[in-house]
Amino acid sequence: MNTFKTPKGTILPVSSLKGKDYLLVAYRLVWFREEHPDWSISSEFVTLAQSHAIAKATIQDKDGRVLATAHKREDSSHFGDFMEKAETGAIGRALAYCGYGTQFCGDDLAEESRIVDAPIERKAPIVPKEKKSSWDNF
């Protein structure tokens, strides 16, 4: 089993998920709390239905400044504990957005063919016309 050593020296186990290294959310929380015991993580359900749950997690620093917000949806048809999975997934994403385990979050943040920031086609650069000085008229 691979391991990861936090900056403070705690050795955390790294799992293998679909052949890639993955740091479980529980261990990202250990790392996060080790570095920031005075920061907070809050979670809530944005949607809670029999068929699915959408959880939202927010990370705030000691002054209450929001550092990351993340959402995760899970369906009851995929997991019996879909509420817990949604909440844990949202927390894991928020931690990754703050840099905790980003290198180990597997496909959770991968865009693959679903590019989320809507790239636009670049056209030829616009070259500004050379502005004439008012002295050029004399």
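Residues numbered from 1 in each chain as written. Predicted model: local features only at pLDDT ≥ 70, side-chain atom pairs only at ≥ 80, totals over all residues. Heavy atoms only, no water.

Our next topic: helix H2 (residues 82–97). A turn of α-helix holds 3.6 residues, and therefore any two residues three or four places apart point the same way. Its 16 residues give H2 an end-to-end C-alpha distance of 22 Å, which sits within 8% of 22 Å, the value for a rise of 1.5 Å per residue. Here H2 has its buried residues at Phe82, Ala86, Gly89, Ala90, Ile91, Gly92, Arg93, Ala94, Leu95 and Ala96. On its buried face, H2 is in contact with helix H1 (25–35), strand E4 (40–48), strand E5 (52–60) and strand E6 (66–75). Looking one or two places after H2, you find Gly99, whose phi comes out positive at around 100 degrees. (Helix = DSSP H or I, 4+ residues; strand = E, 2+ residues; numbered from the N terminus. Expected span 1.5 Å × (residues − 1). Buried < 20%, exposed > 50% of the residue type's maximum accessible area, 1.4 Å probe, protein only. Contact = heavy atoms within 4.5 Å.)

Taken N-terminus to C-terminus, the directions of H1 and H2 make an angle of 45 degrees; their axes are 10 Å apart at the nearest point. As judged from the angle between their axes, H1 and H2 are oblique. With respect to the hand of their crossing, H1 and H2 are arranged in left-handed fashion. Between H1 and H2, the residues in contact are Val25, Arg28, Leu29 and Phe32 and Thr88, Ile91, Gly92, Arg93, Leu95 and Ala96, respectively. Here the residues of the contact of H1 with H2 are counted per class, giving 6 nonpolar, 2 polar and 2 charged. (Axes fitted to C-alpha atoms, helices over the stretch in contact; angles between N-to-C directions. Parallel < 35°, antiparallel > 145°, perpendicular 65-115°, else oblique. Left-handed = near helix turned anticlockwise from the far one by under 90°. Nonpolar A, V, L, I, M, F, W, Y, C, P; charged D, E, K, R; others polar.)

A word on the confidence of the model for the protein. A residue-level look at the protein finds 75% of positions with pLDDT of 70 or above and a mean pLDDT of 83. Low confidence marks residues 114–120, where pLDDT is under 50. Its contacts with residues over four positions away, or in another chain, come to 2 contacts. (pLDDT = per-residue confidence, 0-100.)

Phi angles above zero are rare outside glycine, and Lys18 is one such case at about 55 degrees. Within the secondary structure, Lys18 sits in the loop between strand E2 (11–17) and strand E3 (20–22).

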